[in-house]
Amino acid sequence: MCGIVGILGHEPVAGALVEALRRLEYRGYDSAGVATLENGRLARRRAPGKLKNLEAVLAAEPLHGTSGIGHTRWATHGKPTETNAHPHANGRLAVVHNGIIENFRELRDELRGKGHAFESDTDTEVVAHLIADAMGGGLSPVDAVAASLPRLKGAFALAILFNGEEDLLIGARDGAPLVVGFGERNGDIYLGSDALALAPFTDELAYLDDGDFVILTRQGAEFRDARNQPVERRHVKTPTSVLLVDKGNYRHFMAKEIHEQPEVVARTLAHYLDMSEGRVALPFALPVDAAQLPQLTIAACGTAYIAGLVARYWFERFARLPVEIEVASEFRYREPPMRRGGMTLLISQSGETADTLACLRYAKAQGQKIVSVVNVATSTMARESDIAALTLAGPEIGVASTKAFTCQLALLACLALAFGRARGVLDKKQEAELVTELMAIPGLMAEAIRRENRIEMLAGNLSRARDVLYLGRGTSYPLALEGALKLKEISYIHAEGYAAGELKHGPIALVDKDLPVIVIAPHDGVYDKTLSNMQEVAARGGRLILITDADAPHDFGGDIETIAMPAMNVAFSAIVYAVPVQMIAYHTAVFMGKDADQPRNLAKSVTVE
Ligand code: F6R
C-alpha cells in the first residue's frame, strides 16, 4: 500500500513530509518522493529504494517550499525506478496516488491523442495529464479535479498540488483511505493516508468518505461529495497512543477492515500481477513442475478453508488442475497417502493455526512441496514452507476474518492463472483478459461498499430471525458457507450455507415465513438455475433476500428483497460478493448490540487443536 502525505504549512515542509512518510513505512514501499512549491514553482525530488535515499537527494538539493506532497510507492504499474516514483508532475500540477486506475490505458491513449507526452509506466501519470488537460481547457484547478474524478475507474486516493497555487491542496478518495488533519497552529493543514502519518502534527482529524474530494487552504477544508456538492465531515480527536490500532472513523475494526478491502486487495493483486503487461508475475518460481502436477492438495480452517473452496473452482477451470481440499483438522488425522514431489497449499491468515500447521508438517514429511498463503510474514507457517505467498492485507484486528479472506482469494486467483499458463491451458490473450478482470476487482469492491445503507436497512429484520439459510451455486456456494459462518460467529444467529441445488434434498423442509433465505447469485451461467431454487422457496412462503448484479432479471413471481451489486464480469465475482456477505453479518450483529470485533468464545489465532 502506498503512503500519501500533504502539508500546507508556514515553514519549509520537506522534512515534515519525510517524517510523515517514515510513519507510513509499515505499509511497505519501494520508492519515495516529495514535491513542493519553490516560490510558486513546482519542484520535486524522488528516489528508488528506502527513505534514506530520498533524504540524501534532499540533502544534495534541498527544497524550501511551505506547501508540499509526499509519497511512498509500492510498485504496481512499472518498476520501482525514479521515473516511476511519485509525485507525477507536468507544467500545471503534481499528484501522488494510492490504488489502481483501472482504465488508465484508455485514458492514456486518449490523452496521447491530444498531444500529452508520458514519461513513466505508471497509471498515476494519466491523472496528472487528465486534470492538466481540463485546466488547459480553461477550468480552475478545483473544477478541473471535479471534472476529472468521475472519469477515473478503480480504487484510489489522491493528493494534488498546483503550480503557482501556494494555498491550495486537493485530496480525493474512492476506495482507498484519506484523512485531513487540522494543525494546532492556525492555518497548518495536512492530508494523509492514515492518522498515523499525521500523528506528529495533529490529533484533530476528518476522514473523507468514498467519492469525496476535499479542497484544502490555510483557511480550512471544504469537502465535496461525488456529485460535487458541499458536505460536512465530522472532526474527530484521535490520541496518538491509540493510533497504532486505529479504528479511524469506524465503530469497529471489522467495519474498518471491510472498508479497507479495495485497497488491500489492490495491493495484493499488484504484488502478483504485472499490471502494465496484463499478466501474472509471481514473485517466486513455482516449486513444482506445474505441467506435470497431477493434483493440488489444499488444507485450511474456517474462513481460510472457504477461500480454498472458492479457489478450487479457479484451479480446476483455469488450470485444469484437480484439487483435493479438506478442513485441516480432518485432513491431519486422515493421514492420506501423498506423492513425493506433489504440492500442498495451506491457507491461513495468522500462519499459526495448529491444525493447518500440523497438515503442513505432515505433507512435508510425505515429501510434498509446501506453499502457504499467509498474512503474517514472520509466522511459523511462513517459515516452514518452501514458498510463503503473502497476502498483503495488513494486520487484521477483528476476530472475524474479512480483508484477509478477500486478499487470500485475490492471491489464489493469481496462482490459479499462473498454473493455467504453466500448464498451457491459458494462452496469452486469455490470461490478459482474466488479469484485466482481476484489475477491475478493487473498483467493484469500492462500488459494493456503497450498498452499505441498503444492507443496514435489511439487518434490522434479520436480527429477529432464529435461523438463516444461505444459498449459492458455483463459487457462490462457498460464499454461502462464508455468509453463514460470519453471521453465526458475530451475531450468534444460527445459519447454514447450502449449495442451491441441494435445497430440495433436505433443507427445504425448514422453509417457512420466518426463515430468511439469502441467495448469493451473480448474473452468471448458473443464475437461471438459482432462480428456480428461489421459486421453490417463494412457493413455501420463505423470505428471500437476493444479492445479484443490478442488471439481473429477478421477476419470478415471488416477494423478494434485493441487494443490487454493480454489473460485473463473472469469473472472480466471489471476491466482490464477499463484501455484502460480510456487511450483512456485521450490521446484523451491530443492530443486536453484539461486539462484532470480539465475539464470545472466539480467538483470533487458534493455536490449539
Ligand atoms: C472466521 C475466522 C476463522 C479463521 C480460522 C483460521 O471469521 O476468522 O474461521 O478463518 O480460525 O484462521 P487462520 O486463517 O489464522 O488460519
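Residues numbered from 1 in each chain as written. Predicted model: local features only at pLDDT ≥ 70, side-chain atom pairs only at ≥ 80, totals over all residues. Heavy atoms only, no water.

Our focus in this paragraph is the pairing of strand β6 (residues 93–101). Among the nine residues of β6, nine are classified as buried, and the element is accordingly described as predominantly covered. Both strand β5 (residues 88–89) and β6 contribute to a ladder of two bridges, which runs antiparallel. Across the sheet, the residue bridging to Ala89 is Ala94, located in β6. Where β5 folds back on β6, the antiparallel hairpin that results is connected by three residues. Of the strand pairs in this sheet, β6 and strand β7 (residues 154–162) are connected by nine bridges, and their pairing is antiparallel. (Buried < 20%, exposed > 50% of the residue type's maximum accessible area, 1.4 Å probe, protein only. Helix = DSSP H or I, 4+ residues; strand = E, 2+ residues; numbered from the N terminus. Pairing = 2+ DSSP bridges.)

This paragraph deals with the nonpolar core. Within the largest apolar cluster, 104 residues are counted, with the highest numbers of intra-cluster contacts made by Trp314, Phe315, Leu345, Phe419, Leu438, Tyr470 and Phe572. Excluding its chain neighbours within four sequence positions, the residues that come into contact with Phe315 are Leu296, Arg320, Leu321, Val323, Leu345, Leu412, Leu415, Ala416 and Phe419. Membership of the second largest hydrophobic core comes to 30 residues, among which are Ala128, Ile131, Leu149 and Phe156. (Core = buried A, V, L, I, M, F, W, Y, C linked by side-chain atoms within 4.5 Å. Contact = heavy atoms within 4.5 Å.)

Okay, the site of the ligand next. Of all residues adjacent to the ligand, which total 13 residues, the nearest are Ser348, Gln349, Ser350, Thr353 and Glu489. The side chain of Ser350 places a nitrogen or oxygen atom 2.6 Å from an oxygen atom of the ligand. Contacts to the ligand include Ser401, whose backbone N or O atom sits 2.9 Å from an oxygen atom. When the free accessible area of the ligand is taken as 400 Å², the share hidden by the protein chains comes to 89%. Breaking the shell around the ligand down by element, the ones donating at least two residues are α9 (302–319) and α16 (476–491). If you tally residues by element for the shell around the ligand, the top one is α9, at three residues. Class assignment for the residues of the shell around the ligand results in four nonpolar, seven polar and two charged. (Near = heavy atom within 4 Å. Polar contact = N/O pair within 3.5 Å; in protein donor to acceptor, adjacent residues only side chain to side chain. Areas by Shrake-Rupley, 256 points an atom, 1.4 Å probe, with all protein chains shown as cover. Nonpolar A, V, L, I, M, F, W, Y, C, P; charged D, E, K, R; others polar.)

Across the sheet, five strands lie side by side as β24-β23-β25-β26-β27; this open sheet has parallel pairing. Across the chains shown, the open sheet's two edge strands, defined by having one partner strand only, are β24 (494–499) and β27 (560–565). In this sheet, adjacent strand axes meet at a mean angle of 20° when their direction is disregarded. α16 contacts β23 (467–472), β24 and β25 (516–520) of the sheet and is inclined by roughly 175° relative to β24. (Axes fitted to C-alpha atoms, helices over the stretch in contact; angles between N-to-C directions.)

Here we come to the sheet that holds strand β4 (residues 67–73). Within the open sheet, the eight strands sit side by side as β3-β2-β4-β1-β10-β9-β11-β15. Their pairing is antiparallel. What marks the edges here is a single partner per strand, and that holds for β3 (41–48) and β15 (236–237). Where strand β1 (residues 3–8) meets β4, six bridges bridge the pair, whose relative direction is antiparallel. Bridging across to β4, Ile7 finds its partner in Gly68. Strand contacts of helix α1 (residues 14–23): β1, β2 (31–38) and β4, with the helix running at about 150° to β1, the strand carrying the most contacts. Contacts from helix α2 (residues 51–60) reach β2, β3 and β4 within the one sheet, and its direction differs from that of β3 by about 135°.

We now examine the packing of aromatic side chains. Taken as a whole, this structure holds six aromatic pairs when the rule is applied. Between the aromatic rings of Trp314 and Phe572, the centroid separation amounts to 5.3 Å while the plane-to-plane angle is 65°, which identifies the pairing as edge-to-face. Here Trp314 is found in helix α9, whereas its partner Phe572 is found in the loop between β27 and α18 (573–591), with 258 residues between them in sequence. The buried category is assigned to Trp314, whose relative accessible area is 1%. The buried category is assigned to Phe572, whose relative accessible area is 1%. Ring pairs connect the aromatic residues Trp314, Phe318 and Phe572, which therefore count as one cluster. Over the ring of Trp74 we find Arg267, and its NZ or CZ is 4.5 Å from the ring centre. (Phe/Tyr/Trp six-rings, centres within 6.5 Å; stacked < 30°, edge-to-face > 60°. Lys NZ or Arg CZ within 6 Å of the ring centre and 35° of its normal.)

Before going further, it helps to spend a moment on the packing of helix α4 (residues 124–136) against helix α5 (residues 141–148). Here α4 crosses α5 at 125°, and the two axes come no closer than 8 Å. One finds that α4 runs oblique with respect to α5. By crossing handedness, the relation of α4 to α5 is classed as right-handed. Mapping the contact onto sequence places Leu130, Ile131, Ala134 and Met135 in α4 and Pro141, Ala144, Val145 and Ser148 in α5. (Parallel < 35°, antiparallel > 145°, perpendicular 65-115°, else oblique. Left-handed = near helix turned anticlockwise from the far one by under 90°.)

Here the focus is the side chain of Asp210. Assignment of secondary structure puts Asp210 in the loop between β11 (204–207) and β12 (213–217). At 2.9 Å, the side chain of Asp210 and the side chain of Arg173 are in polar contact. Not counting residues up to four positions away in its chain, the partners in contact with Asp210 are Arg173, Asp174, Gly175, Ala176 and Arg450.

Attention now goes to the state of the cysteines. In the structure shown here, the tally under the stated rule is zero disulfides. Cys407 provides the cysteine sulfur closest to Cys2, a residue in no disulfide bond, and the two sulfurs are 15 Å apart. Here Cys407 stays free of any disulfide, with the sulfur of Cys414 as its closest cysteine sulfur at 11 Å. Accessibility expressed as a relative area gives 0% for Cys407, which makes it buried. (Disulfide = S-S within 2.5 Å.)

As a further point, take unusual backbone geometry. Peptide bonds are mostly trans, and most non-glycine residues show a negative phi. The omega torsion across His86 and Pro87 is -5°, close enough to zero to call that bond cis. Inspection of the secondary structure puts Pro87 in the loop between β4 and β5. Phi angles above zero are rare outside glycine, and Asn39 is one such case at about 50°. Looking at where Asn39 falls in the secondary structure, it is placed in the loop between β2 and β3. Of note, Arg320 is a non-glycine position whose phi angle comes to about 50°, a positive value. Residue placement: Arg320 occurs in the loop between α9 and β19 (323–327).

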